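As a plain string of letters, each chain reads:
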Amino acid sequence: MSMEEDEDAPNTTPGYNSHEGRQIAPTMAPRPIQPRISNAMSDMNSGNSRNTPIRGAGHMAFDKYTVDITRQVATWSRGIPSGHLKTVPDFDLFESVSAIEIGDPKMDSGAPQNQNDLDTTYDTSTRLSNSEIIWILDMHLGCLMNWNRGFPLAQTLFTSVYVEKLLSPDPKHPTVPKTIDDIKSFFSHQEPTGGDADIKNLQHPLSFQTLTINLFVVMVIKCCGLAIDSIIESQVPIYEEEDISLHTLGRDLLPAIKLGHIEMFFRDFLSQAERWDITTQSVDSPKRSPLAGIVLRMQFLHKLLVAMERDISPSERISSLTSAQSKLADIKKLGSEISPVDGVFDPQLQRRLASTSPLRPLVLNSPSDALSHASDFIEGLRTADWTLRWGEWENPSLTFRRSCQQFAFNESKKLPLVRAYSFHSIWRSPNESFEFLMVQDILSTVRCWPARDLYHRAYGNFPQVMSYPHPDEPSSYRAVLDFCQRAVEMGGGYIDVLRAFCSNSCRLRRTLCRCVKAFEELEQCEAVEADNILSADNRYHDETASRPMTTWSRTLKLEIMQTIIEMGFHLDMYALSEMVYIYSYLAMVYNARIDLIRFQKQKLNENLSSFSIDGFGVKLDSQLRINTEELNVIEAMLRLHRVLHWLDIVPGLKFSENQNIKRWDLRMKPFWPVREPAPPTWQEVSGYCELDWPRIEKGHEVESDHPVLLFLGEIHRELETASIQYQAQLRHFHKSQYIEIEAEEKLLLAKHTTTMHIISQLETLITCLKTGEKFNLLWETQPTKSYDWYNVFHTPDIVKA
Amino acid sequence: MKTIADVQAELHAANEPLPPVHEVDSFFNSVLGRTLRIHTHDARVFVGQFKCTDAQCNMILALAHEFRVPVAEAAEERIGMTRPAVKLTANESRYVGLICVPGKEIVKVELERLGGM
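As the structure is a computational prediction, the values presented were derived from the model and not from experiment.

Criteria and cut-off values
Residues numbered from 1 in each chain as written. Chains lettered and ligands numbered in written order. Predicted model: local features only at pLDDT ≥ 70, side-chain atom pairs only at ≥ 80, totals over all residues. Heavy atoms only, no water. Helix = DSSP H or I, 4+ residues; strand = E, 2+ residues; numbered from the N terminus. Buried < 20%, exposed > 50% of the residue type's maximum accessible area, 1.4 Å probe, protein only. Contact = heavy atoms within 4.5 Å. Areas by Shrake-Rupley, 256 points an atom, 1.4 Å probe, with all protein chains shown as cover. pLDDT = per-residue confidence, 0-100. Phe/Tyr/Trp six-rings, centres within 6.5 Å; stacked < 30°, edge-to-face > 60°. Core = buried A, V, L, I, M, F, W, Y, C linked by side-chain atoms within 4.5 Å. Domains from an automatic or database assignment. Axes fitted to C-alpha atoms, helices over the stretch in contact; angles between N-to-C directions. Parallel < 35°, antiparallel > 145°, perpendicular 65-115°, else oblique. Left-handed = near helix turned anticlockwise from the far one by under 90°. Nonpolar A, V, L, I, M, F, W, Y, C, P; charged D, E, K, R; others polar. Pairing = 2+ DSSP bridges. Polar contact = N/O pair within 3.5 Å; in protein donor to acceptor, adjacent residues only side chain to side chain. Expected span 1.5 Å × (residues − 1).

A look at the overall build of chain B
The helix and strand tally for chain B stands at three helices and five strands. For chain B, the α and β elements follow one another from N to C terminus as α-α-β-β-β-α-β-β. A buried classification covers 59% of the 117 residues belonging to chain B. When contacts within chain B are restricted to residue pairs at least 6 apart in sequence, long-range pairs at least 24 apart make up 62% of them. With an accessible surface of roughly 4600 Å², chain B has 57% of that area assigned to carbon and sulfur atoms.

What follows is the structure, given as structure tokens:
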């Protein structure tokens with residue numbers, strides 16, 4: 001057959017795709033074919049092989065013949081010398097190494113184990129009971145939460161048959177739903193087959209089951225889509241590219257379906273639910289609980305979806321999150337019956353994704369885990385959202401730092417969306433916003449009249465930025481503003497302290513170490529300069545006498561130092577044998593902080609004037625109390641560790657003096673630039689922690705007047721007094737929706753718990769020493785899930801042998 | 001189903017002479033760089049640019065897409081029915097990129113006559 005005859009074939013061969021009436025354009029005419037191919041085609045058409053007309057892929061826009069060259073390839077490849085390759089130019093062996101080997105189950109995600117595993121066995125039009133519907137909803141929610149926790153979409157949501165049907169419809173409904181009509185038409189194809197007229201005949205085109213499951217799945221998909229949009233917008237460095245750039249998976253998450261469309265379906269759903277007289281008020285009725293469970297789940301996800309919408313106002317978001325949380329609590333309280341359904345989630349569906357990664361196992365949780373993860377997720381979003389709105393707090397800067405501090409160690413911060421939210425505010429805000437925040441911060445720590453004036457001028461404006469003072473105004477304004485600018489802009493300055501809390505724990509500690517150095521410089525240079533200008537001004541001598549800028553810089557520096565040392569506990573950096581030295585330095589830092597507050601108080605009292613009665617003294621007293629309480633617990637830990645050292649029962653490797661010095665130098669390295677309180681040398685700290693009491697023999701009773709027992713008794717008494725105080729304070733707290741109050745209560749509770757734990761350990765120790773019983777020290781580092789003050793300290797357990 | 005490796009083994013068993021080198025070069029120069037459809041014995045079709053091959057007929061395709069033959073059709077094929085025309089539609093494909101299809105997996109190689117390069 002000649003070339004010309006062959007080219008005519010498409011028009012005459014059955015199966016040629018002429019439905020578009022497209023002819024081969026002159027420019028698309030085939031190039032003169034190589035003689036070998038012509039021969040191959042001749043062979044094929046003469047009966048050696050079949051020449052099959054194939055309809056081309058729509059997106060490729062070609063309609064053409066193919067030529068079977070199997071036999072030719074088999075024949076001529078035999079002529080390639082062994083060890084040689086036939087390649088196109090510029091393609092070599094090294095490039096070929098990166099190719100995925102088809103058929104290798106470890107590389108080829110599409111390789112089926114058997115022919116039937118490509119098709120899912122689950123039929124989405126199966127009739128389901130309410131408890132089964134609840135299971136499906138919970139598992140989809142679990143998929144959403146697992147994805148939010150960092151698992152890939154391919155292992156979570158895209159393993160659902162319902163999601164697969166929606167995002168990659170079967171050839172009968174070949175388009176992915178793009179409009180509300182598409183969705184409706186798609187839903188109607190999922191109608192259950194068979195009876196149950198009482199559920200179906202609700203004068204609605206879609207049955208309760210179809211509407212519920214599909215609407216829930218659409219909302220889950222939209223939640224993912226909105227989260228991805230927020231993450232992309234925030235430019236947060238999250239590296240799960242495959243999930244963020246969905247084209248690599250060959251899917252999109254219904255970008256054309258808007259919240260308004262979903263609202264329409266949701267109203268339909270609620271009206272159907274009402275016809276069944278299902279209201280959330282009827283949650284106590286056990287007969288209705290499965291249906292009530294479904295309604296609550298739908299309402300919960302709807303609220304979550306509304307909260308994740310980017311265009312809503314912050315107050316709407318907070319209220320949606322709060323109501324989502326309350327719905328979640330109702331769901332948990334209701335405890336609906338759940339029956340699992342086989343085949344809804346199928347790992348084989350990954351084979352249909354355009355991913356080049358091999359098949360990975362399903363990541364599914366139990367429904368109860370799904371609900372608890374959802375709770376964590378909402379809590380994370382609430383905290384992130386709260387953190388962003390610093391302008392609305394009573395004491396913004398302090399709360400901001402506290403929230404950041406809580407948040408930095410919070411498990412929920414790892415959630416990409418939560419990170420995106422927090423990053424968005426902290427990384428995208430202009431420097432001027434941070435200057436405003438810094439002035440607020442200064443005012444929460446010290447009294448400084450130019451800062452107060454500048455703050456009041458900017459307050460209420462939008463954006464809240466510091467305005468430059470008029471040249472005729474006192475130079476103090478300018479001095480404060482310059483100081484703020486310098487502190488915000490400098491490397492490791494104020495802005496970096498806040499940004500540090502958005503990074504992971506290791507980077508956080510590293511950045512804070514840099515900040516300590518920067519703040520030491522700030523305290524020694526810029527702060528002194530600003531204070532000199534302020535004290536030259538005769539107004540408000542009572543405020544300038546306490547050297548406000550130096551005091552503020554030092555306060556923040558000490559706070560950062562405390563955080564760095566405490567993070568060492570959190571990150572399990574310290575060995576048990578060095579705890580005693582670390583506690584002693586931490587106590588030094590706390591003492592420096594307390595001294596500073598006392599200095600402020602003293603200056604306030606010395607220069608008390610009618611202008612200074614603004615509750616600042618009360619604030620100082622409260623700060624003093626909080627710091628003293630924290631110091632009490634730290635000193636108790638220190639003294640307990642000193643006794644354990646003296647008893648020589650601390651497990652771990654014995655270090656030589658040189659090793660100890662090296663280790664201590666390493667621990668103090670971040671604090672080397674600090675002049676006040678300067679890091680102690682090994683000799684100083686080791687001498688301080690030693691006790692020269694008469695030795696006791698193991699297994700013998702210790703006399704009641706032995707210094708060790710007196711020492712322990714003293715600690716015990718002090719701690720008991722402290723714990724009573726904490727208890728009294730805790731009684732004054734009442735449940736509050738404000739995160740800052742929650743955080744304060746948590747902190748107090750942590751102090752109380754730590755104190756009680758140390759008391760119980762002390763009691764065991766005292767009893768063992770008195771009776772001569774043997775005892776052991778148990779010390780297990782356990783990964784701490786969340787940061788609170790209690791968790792940063794590892795209190796050893798003393799147990800009777 | 002006979003794979004291309006089986007065909008090679010048959011040729012070897014039948015003591016078919018090896019093709020002359022210049023013909024081998026000529027053949028591969030005419031198909032390298034063009035779009036191939038490789039059918040594998042697990043009822044998949046890979047469409048991509050032919051980049052490289054060797055004596056065992058391991059074939060490397062670049063920018064490849066994977067298409068699946070519907071299971072019913074694959075079953076017909078397994079029981080010996082003639083393979084119906086494979087309809088490749090965009091919705092059933094997925095992008096797989098640079099792939100190496102071993103000769104023992106290949107049951108059919110097709111050359112797209114138009115628009116290959």
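Some points on the confidence of the model for chain A
Residues and elements named next belong to chain A. Overall, the prediction assigns chain A a mean pLDDT of 76, with 73% of residues at 70 or greater. By mean pLDDT, strand 1 (residues 53-54) is the weakest element of chain A at 34, and helix 27 (residues 657-668) is the strongest at 92. The low-confidence segment residues 279-284, where pLDDT is below 50, has seven contacts with residues more than four positions distant or belonging to other chains. The low-confidence segment residues 783-787 (pLDDT under 50) makes 12 contacts with residues lying over four places distant or belonging to another chain.

Brief notes about the packing of aromatic side chains
Residues and elements named next belong to chain A. Under the defined criterion, the tally for this structure stands at 18 aromatic pairs over all chains. Seen in terms of ring centroids, Trp 135 and Phe 345 are 6.3 Å apart; in terms of plane orientation they differ by 70°. Their pairing is edge-to-face. Remark: Phe 345 occurs in the loop between helix 13 (314-334) and helix 14 (367-388) and Trp 135 occurs in helix 5 (residues 130-148); sequence separation between them is 210 residues. Judged on exposure class, the residue Trp 135 and its partner Phe 345 are both buried.

Considering the nonpolar core
Residue and element names in this part refer to chain A. The biggest cluster of nonpolar side chains holds 113 residues, and the ones touching the most others in it are Trp 552 and Leu 765. For this core, the element with the highest residue contribution is helix 25 (residues 579-606), accounting for 15 residues. Both domain 3 (449-688) and domain 4 (693-801) contribute no fewer than three residues apiece to this core. Discounting chain neighbours no more than four positions away, the residues touching Leu 765 are Leu 640, Val 643, Leu 644, Leu 647, Leu 712, Phe 775 and Ile 798. Core analysis: the next-biggest nonpolar cluster, separate from the first, contains 85 residues, Leu 144, Phe 158, Leu 328 and Leu 371 among them.

Details of the packing of helix 17 (residues 431-445) of chain A against helix 18 (residues 449-458) of chain A
Residue and element names in this part refer to chain A. The interhelical angle for the contact between helix 17 and helix 18, taken along N-to-C directions, is 135°, at an axis separation of 10 Å. By the angle between their directions, the pair helix 17 and helix 18 is classed as oblique. By crossing handedness, the relation of helix 17 to helix 18 is classed as left-handed. Facing Phe 436, Val 439, Gln 440, Ile 442 and Leu 443 of helix 17, the residues of helix 18 in contact are Ala 451, Arg 452, Tyr 455 and Ala 458. Here the residues of the contact of helix 17 with helix 18 are counted per class, giving seven nonpolar, one polar and one charged.

Some words on the pairing of strand 2 (residues 44-53) of chain B
One face of the sheet, then the other: side chains in a regular strand alternate in exactly this way. Residue and element names in this part refer to chain B. Strand 2 sits mainly inside the fold: nine of its 10 residues count as buried. Judged from the five bridges that link them, strand 1 (residues 35-40) and strand 2 form a sheet pairing that is antiparallel. The residue of strand 2 that forms the bridge with Arg 37 is Val 47. Taken together, strand 1 and the strand that follows it, strand 2, pair antiparallel across an intervening segment of three residues, in which Ala 43 is found at a positive phi of about 65°. In this structure, strand 2 lies alongside strand 3 (residues 59-68), joined through eight bridges in antiparallel fashion. For Val 47, the partnering residue across the bridge sits in strand 3 and is His 65.

Remarks on the environment of Ser 535 of chain A
Residues and elements named next belong to chain A. Take Ser 535: it is sitting in helix 22 (residues 526-536). Spatially, the C-alpha atom of Ser 535 lies 8.9 Å from that of Ser 476, the residues being 59 residues apart in sequence. The residues touching Ser 535, leaving out its near neighbours within four places in the chain, are Thr 544 and Arg 547. Of the polar contacts made by the side chain of Ser 535, one reaches the backbone oxygen of Asn 532; its length is 3.1 Å.

Remarks on the packing of helix 5 of chain A against helix 9 (residues 208-234) of chain A
A packed helix pair is summarised by two numbers, namely the angle formed by the two axes and the spacing between the axes. All names here are of chain A. Relative orientation of the contacting elements helix 5 and helix 9 amounts to 5°, with a least axis distance of 10 Å. When the interaxial angle is binned, helix 5 and helix 9 end up roughly parallel. The segment helix 5 lies against helix 9, with Ile 133, Ile 136, Leu 137, His 140, Leu 141, Leu 144 and Trp 147 engaging Gln 209, Thr 212, Ile 213, Phe 216, Val 217, Val 220, Cys 223, Cys 224, Ala 227 and Ile 228. Classifying every residue of the contact of helix 5 with helix 9 by side-chain character gives 14 nonpolar, three polar and no charged.

Focus: helix 3 (residues 70-77) of chain A
Most of helix 3 of chain A sits out of view: six of its eight residues are buried. For helix 3 of chain A, the full list of buried residues reads Thr 70, Gln 72, Val 73, Ala 74, Trp 76 and Ser 77 of chain A.

Brief notes about helix 9 of chain A
Residues and elements named next belong to chain A. Its 27 residues give helix 9 an end-to-end C-alpha distance of 38 Å, which sits within 8% of 39 Å, the value for a rise of 1.5 Å per residue. Extensive coverage of helix 9 is indicated by the burial of 24 of its 27 residues. Two residues or fewer after helix 9 comes Gln 235, characterised by a positive phi angle close to 60°.

Section: unusual backbone geometry
For the bond from Glu 676 of chain A to Pro 677 of chain A, the omega torsion is -5°, close enough to zero to count as cis. Positionally, Pro 677 of chain A belongs in the loop between helix 27 and helix 28 (682-689). Of note in this structure, Arg 547 of chain A is not a glycine but carries a positive phi near 50°. In this structure, Arg 547 of chain A sits in the loop between helix 23 (541-544) and helix 24 (548-570). The phi torsion at Leu 63 of chain B lies on the positive side, around 50°, for a residue other than glycine. Its location among the elements puts Leu 63 of chain B in strand 3. Taking relative accessible area as the criterion, Leu 63 of chain B reaches 51% and is therefore assigned exposed.

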